Amino acid sequence: MSTQLLRCGTSIGANVRESINAQSKADFINKMNIALKEADESQYWLELLHESSYLKDSEFVSLNDDLGKILGTLTKIIKSSKSNVQCSIINVQ
């Protein structure tokens, strides 16, 4: 389980980093969506590690709080990016 958490946890940053050089707005949003999915998966593995007593309560709370902030930030970025794309489409028409 900890290996899975490491894999998806590091994938969050990798996808955000890839989004910096996205080829288009749609590509940017796609990469950020992948990062969001990886963050959600990370939360799943974190919960399992806590339930299996691999993580102490204090460790879980700290990590889960940090992950919650990451999830919230990614969600805001995606919503904002989608909104900007829709505004651009409306202005072109």
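The structure under discussion appears in the preceding block.
Residues numbered from 1 in each chain as written. Predicted model: local features only at pLDDT ≥ 70, side-chain atom pairs only at ≥ 80, totals over all residues. Heavy atoms only, no water.

Chemist: How would you sum up the nonpolar core? Please name residues and give values.
Modeler: Nonpolar side chains tend toward joint burial in soluble globular proteins. Within the largest apolar cluster, 13 residues are counted, with the highest numbers of intra-cluster contacts made by Ile-12, Ala-39, Leu-46, Leu-67 and Leu-74. At the level of secondary structure, the elements contributing two or more residues to this core comprise α2 (25-51) and α3 (57-92). In terms of residue count, the dominant contributor to this core is α2 (six residues). Aside from chain neighbours lying at most four places away, what touches Ala-39 is Ile-12, Leu-67, Ile-70, Leu-71 and Leu-74. (Core = buried A, V, L, I, M, F, W, Y, C linked by side-chain atoms within 4.5 Å. Buried < 20%, exposed > 50% of the residue type's maximum accessible area, 1.4 Å probe, protein only. Helix = DSSP H or I, 4+ residues; strand = E, 2+ residues; numbered from the N terminus. Contact = heavy atoms within 4.5 Å.)

Chemist: Now, about helix α1 (residues 2-20): what can you tell me, with residues and values included?
Modeler: Quick reminder: α-helices carry 3.6 residues per turn. Residues three or four places apart thus point the same way. For α1, built from 19 residues, the straight-helix expectation of 27 Å at 1.5 Å per residue is met to within 8% by its first-to-last C-alpha distance of 28 Å. Those residues of α1 lying buried are Cys-8, Ser-11, Ile-12, Asn-15 and Ser-19. (Expected span 1.5 Å × (residues − 1).)

Chemist: Go over the pattern of salt bridges, please, and point to the residues and values.
Modeler: Scanning the entire structure with this criterion turns up four salt bridges. Here Arg-7 makes a salt bridge to Glu-41, at a shortest N to O gap of 2.7 Å. A residue pair is termed long-range when its members are at least 10 positions apart, and Arg-7 in helix α1 and Glu-41 in helix α2 qualify at 34 residues. Given the relative accessible area of 38%, Arg-7 is considered partly exposed. The class of Glu-41 is partly exposed, set by a relative accessible area of 23%. A salt bridge links Lys-31 to Glu-18; its shortest N-O distance comes to 3.8 Å. You can see Lys-31 sitting in helix α2 and its partner Glu-18 sitting in helix α1, a full 13 residues away along the chain. The structure contains a network of salt bridges with shared partners spanning Arg-7, Glu-38 and Glu-41. (Salt bridge = Lys/Arg side-chain N within 4 Å of Asp/Glu carboxyl O.)

Chemist: Account for the packing of aromatic side chains, with residues named and values stated.
Modeler: Under the definition given, this model contains one aromatic pair. Judged by centre distance (5.0 Å) and plane angle (70°), the rings of Tyr-44 and Trp-45 are edge-to-face. (Phe/Tyr/Trp six-rings, centres within 6.5 Å; stacked < 30°, edge-to-face > 60°.)

Chemist: So what's going on with the environment of Ala-26? Which residues, and what values?
Modeler: Tracing the backbone shows Ala-26 in helix α2. For the pair Ala-26 and Gly-68, spaced 42 residues apart in sequence, the C-alpha to C-alpha distance is 25 Å.

Chemist: Mind laying out α2, listing which residues take part and the relevant values?
Modeler: With 27 residues, α2 extends 39 Å between its outermost C-alpha atoms, agreeing within 8% with the 39 Å of an ideal straight helix rising 1.5 Å per residue. Among the residues trailing α2, Ser-53 stands out with phi positive, at a value near 65°.

Chemist: Could you give an account of the environment of Ile-29, naming the residues involved and the relevant values?
Modeler: Mapped onto the fold, Ile-29 is located in helix α2. The buried category is assigned to Ile-29, whose relative accessible area is 10%. Sequence separation between Ile-29 and Leu-55 is 26 residues; the distance between their C-alpha atoms is 33 Å.

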